[in-house]
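So you can see what is in the structure, the chains are spelled out below.
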Amino acid sequence: MRVIFMGSPDIAVPSLLALAEAGHQILAVITQPDRPSGRGNVMTASHVKRVAVEHGWEVYQPEKIRAPEALEKIQNLKPDVICVVAYGQILSKEILDLPPYGCVNLHFSLLPKYRGASCVAYALLHGEEESGTTTILMDPGIDTGPILLQWSEPIGPEDTTETLSQRLAPLGAHQLVKTLKVLTEGSIQPTPQSPEGASYAPMLKKEEGKIDWFQDAKTIYNRFRGLTPWPGIFTFLDSQRILLTEMRLGTLESSGKPGTIRMEMIEKVFVDCGTGTIELVRVKPAGKNDLPAKDFVRGLKGHVKTDCTFHSIS
């Protein structure tokens, strides 16, 4: 098939490569414009653009995909199908109606659950034990189109957004290739999504990483899983912002005010929560390097258990 591929982050790269390996003609790769990134605000290309350039595919980066010139560009390419994987912009009805086989979106959840940009993170935030990938024929709504294929994937107890995404990306790529195959064969009937169980996973914000130690330990741990690697979860000690880069569910019961730090004789660091405890493994104080939590606590200059308490500040 003559394919236009739309995608931006690293999770979309396996799909682009799989389509090419399956023999489809990549007419163009449409991705987000280069953006400033890092401490130096260096203009940085998307992961998809970098791969497209390496393979010599045409790259198009419209600021707004709904602009008339973007529609004209796509019309001139005459695609059989448009494949969309985490592109980051909403397509107009004119674009959706253009390809003979429609616009096929690969979404990283079991739709209709977790429509939206943060689908992988929200599954972890809500303590789900199963996620998956879904291909749909796109309509003007956000991830509301009829389902083509759907595969499930179990979520491990220590999965984070990063580890789960790494598993879902190649699975979804294989599923996308299979979806195009059954579309061309005419051997699949799109199934409308059920309104029951539908939910939305909006884009994450940095401030969502702030911990409320009065929550139970399982909720805090799921928050860590869902918000790792971005935006990360953090807390405060006095006025110092502390990023918590690795943690586990604690094996001890809480015995003090939520946020109280305890280092036991086994040199494990626990933090009391509303119910239960969190075991801190590694932390990153603001402006400093990541370090083992036990080394961080040793550096607190003799604070006793109940004197050393994480807290939230506004």
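Structure's up top.
Scoring rules and cut-offs
- Every chain is numbered on its own, with residues counted from 1 as its sequence reads.
- Two thresholds apply to this predicted model, a pLDDT of at least 70 for residue-level local features and 80 or more for giving and counting side-chain atom pairs, whereas whole-chain, interface and lining totals are computed over all residues.
- Only hydrogens and water are set aside when side-chain values are computed; all heavy atoms of the structure are taken into account.
- For the exposure calls, accessible area comes from a 1.4 Å probe over protein chains only, and a residue counts as buried if that area is under 20% of its type's maximum, exposed if over 50%, partly exposed in between.
- Helix and strand assignments follow DSSP, with helices taken as H or I runs no shorter than four residues and strands as E runs no shorter than two, numbered in order from the N terminus.
- A contact between two residues is defined here by any heavy atoms of the two lying within 4.5 Å.
- Think of a polar contact as two N or O atoms within 3.5 Å of one another; within protein, one of them needs to be a possible hydrogen donor and the other a possible acceptor, and neighboring residues in sequence only count if both atoms come from side chains.
- Note on definitions: angles span 0 to 180 degrees between N-to-C directions of axes, and those axes are lines fitted to C-alpha atoms, for helices only across the stretch in contact.
- To sort the angles, those under 35 degrees are grouped as roughly parallel, those over 145 as roughly antiparallel, those from 65 to 115 as roughly perpendicular, and the leftovers as oblique.
- Take the far helix as the reference: if the near one is turned anticlockwise from it by less than a right angle, the crossing is left-handed, and if turned clockwise, right-handed.
- Throughout, the ten residues Ala, Val, Leu, Ile, Met, Phe, Trp, Tyr, Cys and Pro are labelled nonpolar, Asp, Glu, Lys and Arg are labelled charged, and all others, Gly among them, are labelled polar.
- The aromatic pairing rule takes the rings of Phe, Tyr and Trp, using the six-membered ring of Trp, and pairs them if the centres are within 6.5 Å, calling planes under 30 degrees apart stacked, those over 60 edge-to-face and the rest tilted.
- The rule is short: NZ of Lys or CZ of Arg within 6 Å of the ring centre and within 35 degrees of the ring normal puts a charge over the ring.

S.K.: Looking at this structure, I do not really get helix H7 (residues 217–226). What am I missing?
M.R.: An α-helical turn contains 3.6 residues, so any two residues separated by three or four positions project in the same direction. The buried count for H7 comes to seven of ten residues, which makes it a mostly enclosed element. Regarding H7, the residues found buried are Ala 217, Ile 220, Tyr 221, Asn 222, Phe 224, Arg 225 and Gly 226. Packing partners of the buried residues in H7 comprise helix H5 (119–125), helix H6 (161–185), strand S10 (233–237), strand S11 (240–249) and strand S14 (277–285). For H7, the capping residue at the N-terminal end is Asp 216, with a side-chain oxygen 3.2 Å from the backbone nitrogen of Lys 218.

S.K.: What is the right way to look at the packing of helix H1 (residues 13–21) against H6 in this model?
M.R.: In a packed pair of helices, the relevant descriptors are the angle between the two axes and the axis-to-axis distance. Between H1 and H6, whose axes approach to 8 Å, the crossing angle comes to 40 degrees. It follows that H1 is oblique to H6 by the angle criterion. Taken as a pair, H1 and H6 cross one another with a handedness that is right-handed. Taking contact as the criterion, the partners of Pro 14, Ser 15, Ala 18 and Leu 19 in H1 are, on H6, Ala 169, Pro 170, Gly 172, Ala 173, Leu 176, Val 177 and Leu 180. Residue classes in the contact of H1 with H6 are distributed as nine nonpolar, two polar and no charged.

S.K.: Would you take a moment to explain the packing of aromatic side chains for this structure?
M.R.: The geometry of an aromatic ring pair comes down to the distance between the two centres and the angle between the two planes. Across all of its chains, the model carries three aromatic pairs by this definition. Taking 5.9 Å as the distance between ring centres and 15 degrees as the angle between the ring planes, the aromatic pair formed by Trp 213 and Phe 310 counts as stacked. With Trp 213 in the loop between H6 and H7 and Phe 310 in the segment after helix H8 (293–298), this pair connects stretches of sequence that are 97 residues apart. Exposure class is identical for Trp 213 and Phe 310. Each is buried. The ring of Phe 234 carries the charged tip of Arg 241 above its face, separated from the ring centre by 3.9 Å.

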